[in-house]
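# Geometric and topological summary
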Amino acid sequence: MADQIPKSIQTHIPNVARMYDYYLGGKDNFPVDRRAAERALEIAPEIRHGARANRAFLERAVGLLTASGIDQFLDIGAGLPARTNVHQIAPGARIVHVDNDPTVLVHGRAILGKNENVTVVEGDVRRPGEILRHPDVRAAIDFDRPVGILLLAVMHFVPDADDPPGIVATLRRAVAPGSHLVLSHLASDARPKAARRVAEIYDRASAPLAARTGKEVARLFDGLDVVRPGVVNLPEWRPVPGAAVPYRGVAPYFPGGVGVVSGGG
């Protein structure tokens, strides 16, 4: 089996995309990922719930964007393919998945790349200008029309030194009015000590974790018109009618929201 794994894929250190896949119950992970993920779950069992809530939020948010007329998506930090992917939620839309992880790129091109409306591009959220200038991105996305930008569970892997608010602002300014930005981000308010201990595990993985406070996450939406109910813990963002909402009303632990670009972007 080992000789079938591309050399660019590291199997000796935990990989954050594969750990997330494990939380979701996927099979695209290795023993090193599962061991690290289980250590994190021992500290914070709610991580598994958070990962699934994040995926459900993606589905609801993309559904909202599609209903609003968005038919092209730029999914940055896309992660490994899941059971339900953007092109299945928004059939017929043009989608560009961007990631810098070799594991994600290999699986994405093998699985998602079979769809004629899906493009998989290597790029790093920390360098948004390079993503926006990428020829495959420019070929797939018409930036003169509204775009759905997806930043799901990726900005908490961007350290302060790389200016997360500046990254979001660069993306916001690059798209047409009426574009929507969907963002989710781990927050440390609810369990700060646990957040620090989990971050120590991720310090030894493929990307360190930078959990921020709920207020810091909300500031990433500056310059956008945030749709109701605002930036809230993911299960509280427009839940399916009749669905149970766990941890309702607690401090921010995994907030997210949707912002609309108005005026000149």
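Source: prediction; values computed, not measured. (Residues numbered from 1 in each chain as written. Predicted model: local features only at pLDDT ≥ 70, side-chain atom pairs only at ≥ 80, totals over all residues. Heavy atoms only, no water.)

### Some points on helix α9 (residues 192-202)
Note the cut-off: Relative accessibility under 20% of the residue-type maximum defines a buried residue, over 50% an exposed one, and the middle range a partly exposed one, all with a 1.4 Å probe and only protein chains included. Where helices and strands are cited, they refer to DSSP runs of H or I of at least four residues and of E of at least two residues respectively, numbered from the N terminus. Here the arc refers to the set of directions running from the helix axis out to each C-beta atom. Contact between two residues is taken to exist if any of their heavy atoms lie within 4.5 Å; hydrogens are not considered.
Taken together, the buried positions of α9 are occupied by Ala194, Ala195, Val198, Ala199, Ile201 and Tyr202. For α9, the buried positions fall inside an angular range of 150° around the axis, keeping them on one side. Seen from the open side of α9, the exposed residues pointing more than 90 degrees away from its buried face are Lys193 and Arg196. Buried residues along α9 sit against α1 (16-23), α2 (31-43) and α3 (46-67).

### Some thoughts on helix α5 (residues 102-111)
Of the positions making up α5, those classed as buried are Thr103, Val104, Leu105 and Gly108. Against α1, β2 (94-99) and β3 (118-122) lie the buried residues of α5.

### Some words on the packing of α1 against α2
This is how the line gets drawn: With axes taken as lines fitted to C-alpha atoms, and helix axes fitted only over the stretch in contact, angles between N-to-C directions fall between 0 and 180 degrees. Any angle that falls under 35 degrees is termed roughly parallel, while one over 145 is termed roughly antiparallel, one within 65 to 115 roughly perpendicular, and all others oblique. What makes a crossing left-handed is the near helix being turned counterclockwise from the far one by less than a right angle; a clockwise turn instead makes it right-handed.
Look at α1 against α2: their axes get within 9 Å of each other, and the N-to-C directions meet at 65°. Regarding the angle of α1 to α2, the classification is roughly perpendicular. Relative to α2, the crossing made by α1 is right-handed. Here Arg18, Met19, Tyr22 and Tyr23 of α1 come into contact with α2, specifically with Val32, Asp33, Arg34, Ala36, Ala37, Glu38, Ala40 and Leu41.

### As for the side chain of serine 188
Here serine 188 shows up in the loop between β5 (180-184) and α9. On the basis of relative accessible area, serine 188 is assigned to the buried category, the value being 16%. Contact partners of serine 188, with chain neighbours within four places excluded, come to Ala195, Ala211, Arg212, Thr213 and Pro252.

### Focus on the environment of glycine 249
Within the secondary structure layout, glycine 249 lies in the loop between β7 (232-233) and β8 (255-260). Expressed as a C-alpha distance, the spacing of glycine 249 and asparagine 233, which sit 16 residues apart in the sequence, is 8.5 Å.

### What about the pattern of salt bridges?
What counts, and what does not: Every case where a carboxyl oxygen of Asp or Glu lies within 4 Å of a side-chain nitrogen of Lys or Arg is listed as a salt bridge.
Here the structure, examined in full by the defined rule, presents eight salt bridges. One salt bridge in this structure joins aspartate 71 and arginine 145, with 3.0 Å as the shortest N-O distance. Taken as a pair, aspartate 71 in the loop between α3 and β1 (72-76) and arginine 145 in the loop between α7 (135-140) and β4 (148-152) lie far apart in primary sequence, 74 residues in all. Residue classification places aspartate 71 among the partly exposed positions, given a relative accessible area of 35%. Take arginine 145: its relative accessible area is 35%, and that puts it in the partly exposed class. For aspartate 142, the salt bridge identified is with arginine 145, shortest N-O distance 3.6 Å. Relative accessible area serves as the criterion here: at 33%, aspartate 142 is assigned to the partly exposed category. Bridged by salt links that share partners, the residues Asp124, Arg126, Arg127 and Glu130 form one connected network.

### Considerations on the packing of α2 against α9
Between α2 and α9, the least distance of the axes is 9 Å, while the angle of their chain directions is 170°. Between α2 and α9, the crossing angle belongs to the class labelled roughly antiparallel. Across the interface between the two elements, Ala36, Arg39, Ala40 and Ile43 of α2 pack against Ala194, Arg197, Val198 and Ile201 of α9.

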